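Each chain, written out:
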Amino acid sequence: MSWTKVLIVDDEVEFAAALSERLLLRDYDTKAVYNVDDAIAAIKQDPPEVLLLDLKMPGMSGIELYRTIKEFNPSIEVIFVTGQACQNGDETIPREAFACVMKPIDIDELTKQIDKAKQSIIKK
Amino acid sequence: MDSEKERNLRISQMGFVGKMIGGFTHELKNHLAIIKETAGLIEDLIVFRKSEAKEDSAEYMRSLDSIALQVDKAVQLANYLNRFSHRMDHPFSTFSVHDVIEELIALRRRSASERGICLETDFHGAVPAIHSDPSRLYCLLYCLIEEKMLGFNKGSHLIIKTEPSDSSIIIRIIPKGKPVESIAERIIDKCICMDEVVQEIIETLKGAVRHEQESVTTIIVPLNLLPVEKK
């Protein structure tokens, strides 16, 4: 599969930039942004098919951002990328989210999830 | 101290230790994630772009610099947690209040950042080392800083200021920003930092906590807290 449009939203600039580059090398049409405001602007301007969303960011949590995005663009598939457990007492990943992968990530596992998300969009 | 107060204090201290270790592991995993991605990128550049090796050399160098930087950050963080854990080795020791505040801030910076709060220090150059209970002072500062973080809106600053005063040290937590109107959010952390626990800790440290104008909290701790002799 190639040229799936992916947007990475993560305040860890080095992480997001390196991951973006790695996905580009694998033919994913990838862009990275590092804060919530840029994420919302990027999604409105050029919506991705798959969003890789950090769970914890300054200003607004990934879950809050997820809910905001789903309100104006429910077709985007969201994969949470988190440094903590995908299920925890404080902030549980929404059931509607496509998947959750943990940092440090396994690039093969992540690309599998992105491909599955793309298939899910095609089937819709 | 009666058994219920002692139990509450222990629960508070355990909760505080859990929060500190949780903050550390989250930070460390972030740095490891960056290291792994950067190393993975170098590997990808070699595998995917063999014919363009010279053009990629600048990118290799950037990636290697990033790996070294993240390792340094992870080591520094591990050092902070190591120092934090050893604060509990002995009930009384001689230590620098500035070191304790620096460790606390380093391990809680991410939590503050998620809430949009900036933690800063304003240390007096002539603050001496104190002989006290570092673990309890740590827990006290954690509770009071946490309460301020929950009580102020995004974009606020918390300045931790120190100054010497005769036989004690004064630590001020000075908020700069707009207080939150709702106190509902504060309930969760109240389970760890109950008011009576804060009071109990400051009493065992033979110090005082004062809530002053403009939401400034002043903590006074004596320079020399002698161990209480068992009866």
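Residues numbered from 1 in each chain as written. Chains lettered and ligands numbered in written order. Predicted model: local features only at pLDDT ≥ 70, side-chain atom pairs only at ≥ 80, totals over all residues. Heavy atoms only, no water.

Undergrad: Which residues make up the overall build of chain A, and what are the values?
TA: When you go through chain A residue by residue, the secondary structure sums to four helices and five strands. In chain A, the order of α-helices and β-strands from amino to carboxyl end is β-α-β-α-β-α-β-β-α. For chain A, whose C-alpha radius of gyration is 13 Å, the value lies close to the compact-globule estimate of 14 Å for 124 residues. By its C-alpha atoms, chain A is 35 × 30 × 25 Å across when sized along the principal axes. Here chain A holds 124 residues, and the buried ones make up 56% of them. (Helix = DSSP H or I, 4+ residues; strand = E, 2+ residues; numbered from the N terminus. Rg over C-alpha atoms; globule rule 2.2 N^0.38 Å. Buried < 20%, exposed > 50% of the residue type's maximum accessible area, 1.4 Å probe, protein only.)

Undergrad: An account of the pattern of salt bridges is needed here, citing residue identities and associated values.
TA: Here the structure, examined in full by the defined rule, presents 17 salt bridges over all chains. One salt bridge in this structure joins B:Glu37 and A:Arg22, with 3.2 Å as the shortest N-O distance. On the criterion of chain membership, the pair formed by B:Glu37 in helix α1 (residues 3-48) and A:Arg22 in helix α1 (residues 13-25) is interchain, its members lying in two chains. The buried category is assigned to A:Arg22, whose relative accessible area is 6%. Between A:Arg26 and B:Asp44 there is a salt bridge, with its nearest N and O atoms 2.6 Å apart. Here the residue A:Arg26 occupies a position in the loop between α1 and β2 (29-33), and B:Asp44 occupies one in helix α1, the pair thus bridging two chains. On the basis of relative accessibility, which here comes to 4%, the residue B:Asp44 falls in the buried class. (Salt bridge = Lys/Arg side-chain N within 4 Å of Asp/Glu carboxyl O.)

Undergrad: Can you tell me about the packing of aromatic side chains, naming the residues and giving the values?
TA: For the structure on display, the rule yields two aromatic pairs over all chains. Pairing B:Phe84 with B:Tyr138 gives two aromatic rings, centres 4.9 Å apart and planes at 80°, and the pair type is edge-to-face. Of the two residues, B:Phe84 sits in helix α2 (residues 53-86) while B:Tyr138 sits in helix α4 (residues 134-151), which places them 54 residues apart along the sequence. Judged on exposure class, the residue B:Phe84 and its partner B:Tyr138 are both buried. Sitting over the face of the ring of A:Phe72, A:Lys44 holds its NZ or CZ atom 5.2 Å from the ring centroid. The side chain of A:Lys103 reaches across the aromatic face of A:Phe15, ending 4.6 Å from its centre. (Phe/Tyr/Trp six-rings, centres within 6.5 Å; stacked < 30°, edge-to-face > 60°. Lys NZ or Arg CZ within 6 Å of the ring centre and 35° of its normal.)

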